[in-house]
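Examining the three-dimensional arrangement
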Amino acid sequence: MGLVSWLIALPFLTMIAIVLVPERHWRMIRWIAAAGTGTGLVLTAAITYRYWIEARGDVDLLRSATLTKLYLVERIAWFKPLGIQYFVGVDGISVSMIILTSIIIFCGVLASWNVETRTKEFFALLLLLVTGVFGVFLSFDLFLFFMFYELAVLPMYLLIGIWGTGPKEYAAMKLTLMLLVGSAFVLVGFLALYHESGLRTFDLQQLASVSYPRRFQWWFFPMIFAGFGVIGALFPFHTWSPDGHSSAPTAVSMLHAGVLMKL
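Summarised in this report is the structure supplied together with it. (Residues numbered from 1 in each chain as written. Predicted model: local features only at pLDDT ≥ 70, side-chain atom pairs only at ≥ 80, totals over all residues. Heavy atoms only, no water.)

**So, the overall build of the protein**
- Across its full length, the protein holds eleven helices and two strands.
- The N-to-C order of helical and strand elements in the protein reads α-α-α-β-β-α-α-α-α-α-α-α-α.
- If you line up the protein on its principal axes, its C-alpha atoms span 55 × 45 × 35 Å.
- If you take every contact in the protein between residues at least 6 apart in sequence, the share linking residues at least 24 apart comes to 69%.
- Of the roughly 13,100 Å² that the protein leaves accessible, carbon and sulfur atoms contribute 70%. (Helix = DSSP H or I, 4+ residues; strand = E, 2+ residues; numbered from the N terminus. Contact = heavy atoms within 4.5 Å. Areas by Shrake-Rupley, 256 points an atom, 1.4 Å probe, with all protein chains shown as cover.)

Shown next as structure tokens:
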């Protein structure tokens, strides 16, 4: 298990530790959350350092303008009949995103230090959300990418609906329904890419190397674009974002503005 996998697993393991602590020990719950996210900062620094050292020694990368070569790759066959695999790694973009996420979640835990209502559930859901975020930024298998994205979306409903302010139930329901509709469009597009490529794999790099027929692109590019348009809150698919952002608790609003819009 490499550094990248540990970065994804760490908030999940921290969440499990919090779930096992009795609710009456609310001070311990806060310190566990702070320790877990603080360790995530250290782990992110180690991954960034490893990426920087390996990238500097790679002449091909230095000549490239895109910084898309993968490092610290971990690839394990997951479900061979469908070509699904656990495929994670870092490139220039994902390194930037995990640095951003690690800083924001640590600050978000500190900003939520005075949450007194159902403290254990709040921090557990917050860390489950971050597990999905890290998974999205580090996944290079589309099935794994989609799984982690859904893991990041679902806790948002409860975090806003329970700990939010204003019309929080309406905002949480609107956000969740619109994001699930967007996810449905993206999933259909992913399955179409998988089938049309003929490669029988969800490997993003291999799928990106295929030349798809123009007729296929006319049908499925709008579907994927609309799906990610909802997820990224592009106009006119953005109406869930102001409601969710204004009603979310502080830490969730920080993640929403700083990270979730970039998924």
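**Here's the deal with the pattern of salt bridges**
- Tallying each qualifying case throughout the model produces two salt bridges.
- Of the charged contacts, one joins Glu54 and Arg50 as a salt bridge, the two residues approaching to 3.3 Å between their closest N and O atoms. In this pair, Glu54 and Arg50 are both assigned in helix 2 (residues 26-56), four residues apart and thus about one turn of the helix distant.
- By relative accessible area, which is 30% here, Glu54 ends up partly exposed.
- One salt bridge in this structure joins Arg75 and Asp203, with 2.9 Å as the shortest N-O distance. Within this pair, whereas Arg75 is found in strand 1 (residues 71-79), its partner Asp203 is found in the loop between helix 7 (168-197) and helix 8 (204-208), the two being separated by 128 residues in sequence.
- Classification of Arg75 as partly exposed rests on a relative accessible area of 43%. (Salt bridge = Lys/Arg side-chain N within 4 Å of Asp/Glu carboxyl O. Buried < 20%, exposed > 50% of the residue type's maximum accessible area, 1.4 Å probe, protein only.)

**Concerning the layout of surface pockets**
- Quantified by volume, the largest pocket comes out at close to 260 Å³.
- Considering the residues around the largest pocket, the lining is formed by 13 residues, among which Asp91, Ile93, Ser139, Phe140 and Leu204 are closest to the centre.
- Put simply, the parts of the chain that give the lining of the largest pocket at least two residues each are helix 4 (92-111), helix 5 (119-138) and helix 8.
- Take the lining of the largest pocket: its biggest share by element is three residues, from helix 4.
- For the lining of the largest pocket, the per-class residue count stands at eight nonpolar, four polar and one charged.
- As a volume, the second largest pocket reaches approximately 170 Å³.
- Looking at the second largest pocket, the residues that line it are Leu142, Phe145, Phe190, Leu193, Leu204, Leu207, Ala208, Tyr212 and Phe228.
- Per-element accounting of the lining of the second largest pocket gives the leading share, three residues, to helix 8.
- By residue class, the composition of the lining of the second largest pocket is nine nonpolar, no polar and no charged. (1 Å grid on protein atoms, 1.4 Å probe; cavity = no way out; pocket = protein on both sides within 12 Å on 5 of 7 lines; lining within 4 Å. Points joined across faces, edges and corners; volume = space filled by probe spheres on them. Nonpolar A, V, L, I, M, F, W, Y, C, P; charged D, E, K, R; others polar.)

**Brief notes about empty space enclosed by the protein**
- Under the criterion given, the structure shown has three cavities of 30 Å³ or more.
- Empty space within the largest cavity amounts to approximately 80 Å³.
- Forming the boundary of the largest cavity are Tyr149, Ala152, Val153, Met156, Leu179, Ile231, Trp240, His256, Leu260 and Leu263.
- Split by residue class, the lining of the largest cavity holds nine nonpolar, one polar and no charged.
- Lining the second largest cavity, in full, are Leu10, Pro11, Gly36, Thr37, Gly40, Ser102, Ile105, Leu127, Val130 and Phe134.
- Of the residues contributing to the lining of the second largest cavity, the split by class is six nonpolar, four polar and no charged.

**Quick notes on helix 4**
- Its 20 residues give helix 4 an end-to-end C-alpha distance of 29 Å, which sits within 8% of 28 Å, the value for a rise of 1.5 Å per residue.
- Residues of helix 4 that are buried include every one of Gly92, Ser94, Val95, Met97, Ile98, Thr101, Ser102, Ile104, Ile105, Gly108 and Val109, and no others.
- Looking at the buried side of helix 4, the elements it contacts are helix 1 (3-20), helix 2, strand 2 (84-90), helix 5 and helix 11 (250-258).
- Measuring from the side-chain oxygen of the N-cap residue of helix 4 to the backbone nitrogen of Ile93 gives 3.2 Å; that N-cap residue is Asp91. (Expected span 1.5 Å × (residues − 1). Polar contact = N/O pair within 3.5 Å; in protein donor to acceptor, adjacent residues only side chain to side chain.)

**Side note on a nonpolar patch on the surface**
- On the surface, a nonpolar cluster with roughly 640 Å² of combined accessible area is contributed by Met1, Trp6, Phe12, Leu13, Ile16 and Leu20.
- Structurally, the position occupied by Ile16 is in helix 1.
- With a relative accessible area of 34%, Ile16 lands in the partly exposed category. (Patch = residues over 30% accessible without salt bridge, like charges linked within 9 Å, V, L, I, M, F, W, Y side chains within 5 Å.)

These figures come from the coordinates and say nothing about function on their own.
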